Amino acid sequence: MKSIAAALVFSIVLPAATMAADFPADRIVAMASGDWNKDGTADLAVIATPGDDSGDDNGLYIYLAEPNENRLTLALSLPNSVWGDLTMSGREPELAALANGSLTLTTKNDSVGRDRWRQSLTIAYRNFDFIVAGYTYSSYDTLDPNASAECDLNVLTGKGKTSGGPVSGQAQFALLKDWKDETARSICGLDN
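The structure contained in this document is the topic of the report that follows. (Residues numbered from 1 in each chain as written. Predicted model: local features only at pLDDT ≥ 70, side-chain atom pairs only at ≥ 80, totals over all residues. Heavy atoms only, no water.)

**Some points on the overall build of the protein chain**
- Across its full length, the protein chain holds two helices and 12 strands.
- Secondary structure elements in the protein chain, listed N-terminal to C-terminal, are α-β-β-β-β-β-β-β-β-β-β-β-β-α.
- Each of the 192 residues in the protein chain was classed as buried or not, and the buried ones make up 43%.
- For the protein chain, contacts bridging at least 24 residues in sequence account for 38% of all contacts bridging at least 6.
- Carbon and sulfur atoms make up 50% of the accessible area of the protein chain, which totals about 10,300 Å². (Helix = DSSP H or I, 4+ residues; strand = E, 2+ residues; numbered from the N terminus. Buried < 20%, exposed > 50% of the residue type's maximum accessible area, 1.4 Å probe, protein only. Contact = heavy atoms within 4.5 Å. Areas by Shrake-Rupley, 256 points an atom, 1.4 Å probe, with all protein chains shown as cover.)

Here you go:
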């Protein structure tokens with residue numbers, strides 16, 4: 001699957017309207033390939049650096065393959081939306097394709113300071129758009145073994161579990177482009 005994704009990255013042909021997401025391969029931080037829209041053709045998700053010294057975060061770009069053509073079309077562009085960097089190990093963002101056609105976007109701090117954390121969004125393609133279907137978060141304090149938190153939330157049902165037990169909130173159909181981490185953090189009791 002990785003060879004398919006690599007081949008797709010280097011064969012991306014973008015129409016003029018999507019030039020804002022046209023970037024050189026050396027800006028790609030992570031990528032995953034899967035069939036997001038379940039049409040039988042491999043699609044692509046890419047995290048790319050902003051490519052300048054603006055201080056912006058990385059961007060997430062999701063492409064859908066045209067089944068009868070040899071090209072990808074930009075379906076979602078979220079510049080300045082993904083925390084992380086490659087300057088220090090343990091802070092690089094990750095993408096992974098899931099067997100069910102969804103993908104996960106993981107951000108983390110596994111290396112700096114005493115507060116370590118990992119957050120993953122499960123992203124699914126529904127009704128011709130990308131939604132957040134799940135939210136997983138864990139954290140710990142390297143100096144205080146009692147200061148840790150965990151949450152695994154199904155955003156679509158509003159039900160989940162934390163290290164303190166089950167949690168429940170409002171079921172949501174949350175578009176990825178409108179997603180705010182505070183939505184899930186509130187349900188999980190992570191509002192600190």
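Picking up after the structure, the text goes on.
**Examining the pattern of salt bridges**
- Overall, the coordinates contain eight salt bridges when judged by the stated rule.
- Of the charged contacts, one joins Arg91 and Asp85 as a salt bridge, the two residues approaching to 2.5 Å between their closest N and O atoms.
- With relative accessibility at 18%, the residue Arg91 sits in the buried group.
- Among the residues examined, Asp85 registers a relative accessible area of 19% and is labelled buried.
- In this structure, Lys108 engages Glu92 in a salt bridge whose closest nitrogen and oxygen atoms are separated by 3.3 Å. Placement of the pair is Lys108 in strand β6 (residues 103–109) and Glu92 in the loop between β4 (72–82) and β5 (94–97), with a sequence separation of 16 residues.
- Salt bridges linked by common partners bring Glu92, Glu94, Lys108, Asp110 and Arg118 together as one network. (Salt bridge = Lys/Arg side-chain N within 4 Å of Asp/Glu carboxyl O.)

**Considerations on the sheet that holds strand β3 (residues 58–65)**
- Taking strand neighbours across the sheet as the criterion, the four strands line up as β1-β2-β3-β4 in an open arrangement whose pairing is antiparallel. Each having just a single partner strand, β1 (28–34) and β4 make up the two edges of the open sheet. This sheet shows a mean twist of 15° between the axes of neighbouring strands, independent of strand direction.
- Across six bridges, β1 lies against strand β2 (residues 43–48) in antiparallel orientation. Its bridge partner lying in β2, Ala30 is registered against Ile47. (Pairing = 2+ DSSP bridges. Axes fitted to C-alpha atoms, helices over the stretch in contact; angles between N-to-C directions.)

**Notes on the pairing of strand β8 (residues 129–141)**
- With 10 of 13 residues buried, β8 is to be regarded as a mostly interior element.
- Two strands pair when backbone bridges link them, and strand β7 (residues 115–126) and β8 are joined in this way by 12 bridges, in the antiparallel orientation. Pairing of Asp115 across the sheet is with Asp141, part of β8.
- Linkage of β7 to β8, two consecutive antiparallel strands, is achieved through a turn of two residues, within which Asn127 is found at a positive phi near 50°.
- Pairing between β8 and strand β12 (residues 174–175): two bridges, direction antiparallel. Paired with Ile131 across the two strands is Leu175, which belongs to β12.
- The sheet contact formed by β8 and strand β9 (residues 148–154) spans seven bridges and is antiparallel. Its bridge partner lying in β9, Tyr140 is registered against Ser148.
- Counting the residues in the hairpin turn of β8 and β9 gives six residues.

**Focus: the nonpolar core**
- Counting 34 residues, the largest nonpolar core has Trp36, Leu60, Phe130, Tyr135 and Leu176 as the members making the most contacts within it.
- Considering every element that reaches this core, the biggest residue donor is β8, with four residues.
- By size, the runner-up hydrophobic cluster in this structure holds nine residues, among which are Phe23, Val46, Ala48 and Tyr63. (Core = buried A, V, L, I, M, F, W, Y, C linked by side-chain atoms within 4.5 Å.)

**Notes on unusual backbone geometry**
- Of note in the backbone geometry, Asn80 takes a positive phi value of approximately 55° without being a glycine.
- Structurally, Asn80 is set in strand β4.
- Given a relative accessible area of 42%, Asn80 falls into the partly exposed group.
- Positive phi is not limited to glycine here, since Phe128 has a value of about 65°.
- For Phe128, a relative accessible area of 77% corresponds to the exposed category.

None of the figures reported here should be taken as evidence of function without further support.
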